[in-house]
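# Results of the structural survey
Each chain, written out:
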Amino acid sequence: MNLNQIINMIIRIFLRRGINWGINKGVKMAANRGQKTQTSNPEERGQSQQVTDAAKRARKAARLTRRL
């Protein structure tokens, strides 16, 4: 491997970590939006699951765009 490939690999690693950190941070903010206390009725759990699924789709989309 030459130096250019090594630098690109390191940049991709840090970029991936940063994107995942941002997505996770956004999901946590969206899931906890408006909730002062921890309540767990079925409706809120369903909404939380939807937010988690949306985050997974966002990660997959980010992964696909990086491949292009």
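Reading guide: rules and limits
Every chain's residues receive numbers from 1 upward, in the order its sequence appears when written. For a predicted model such as this one, the threshold for reporting local features is a pLDDT of at least 70, and the threshold for listing and counting side-chain atom pairs is 80 or more; totals across whole chains, interfaces and linings nevertheless cover every residue. Computation of side-chain values: all heavy atoms of the structure, hydrogens and water removed. Helix and strand labels come from DSSP, where a helix needs a run of H or I of at least four residues and a strand needs a run of E of at least two; each type is numbered from the N terminus. Working definition: with a 1.4 Å probe on protein chains only, accessible area under 20% of the residue-type maximum means buried, over 50% means exposed, and in between means partly exposed. Surface accessibility follows the Shrake-Rupley procedure with a 1.4 Å probe radius. Residue values consider only the protein chains on display as shielding. To count toward a patch, a residue needs a relative accessible area over 30% and no salt bridge; like charges are then connected within 9 Å, while nonpolar side chains (Val, Leu, Ile, Met, Phe, Trp, Tyr) are connected within 5 Å. Whenever a carboxyl oxygen of Asp or Glu lies within 4 Å of a side-chain nitrogen of Lys or Arg, that contact is scored as a salt bridge. Working convention for charge: Lys and Arg count positive, Asp and Glu count negative, and His plus the chain ends are omitted. A single reference atom marks each charge: NZ on Lys, CZ on Arg, CG on Asp, CD on Glu.

Right, let's get into the overall build of the protein. The secondary structure content of the protein amounts to two helices and zero strands. Here the protein, with 68 residues, has 7% of them falling under the buried criterion. With the model as given, the accessible surface of the protein reaches about 6,000 Å², and the carbon-plus-sulfur share is 57%.

This brings us to a nonpolar patch on the surface. Taken together, the side chains of Met1, Leu3, Ile6, Ile7, Met9, Ile10, Ile11, Ile13 and Phe14 present a nonpolar region at the surface, about 870 Å² in accessible area. Within the secondary structure layout, Ile11 lies in helix H1 (residues 3–31).

Turning next to a positive patch on the surface. On the surface, Arg12, Arg16, Arg17, Lys56, Lys60, Arg63, Arg66 and Arg67 cluster together into a patch of positive charge. Secondary structure elements with two or more residues in the positive patch: H1 and helix H2 (42–67). When residues of the positive patch are assigned to their parent elements, the largest contribution, five residues, is made by H2. Examined against the element boundaries, Arg16 turns out to sit in helix H1.

Structurally, the position occupied by Gln47 is in helix H2. Take Gln47: its relative accessible area is 44%, and that puts it in the partly exposed class. Gln47 sits 16 residues away from Ala31 along the chain, and the two C-alpha atoms are 7.7 Å apart.

Time to look at the environment of Ala31. Tracing the chain through its elements places Ala31 in helix H1. Linking Ala31 and Ser48, residues 17 residues apart in sequence, is a C-alpha distance of 5.6 Å.

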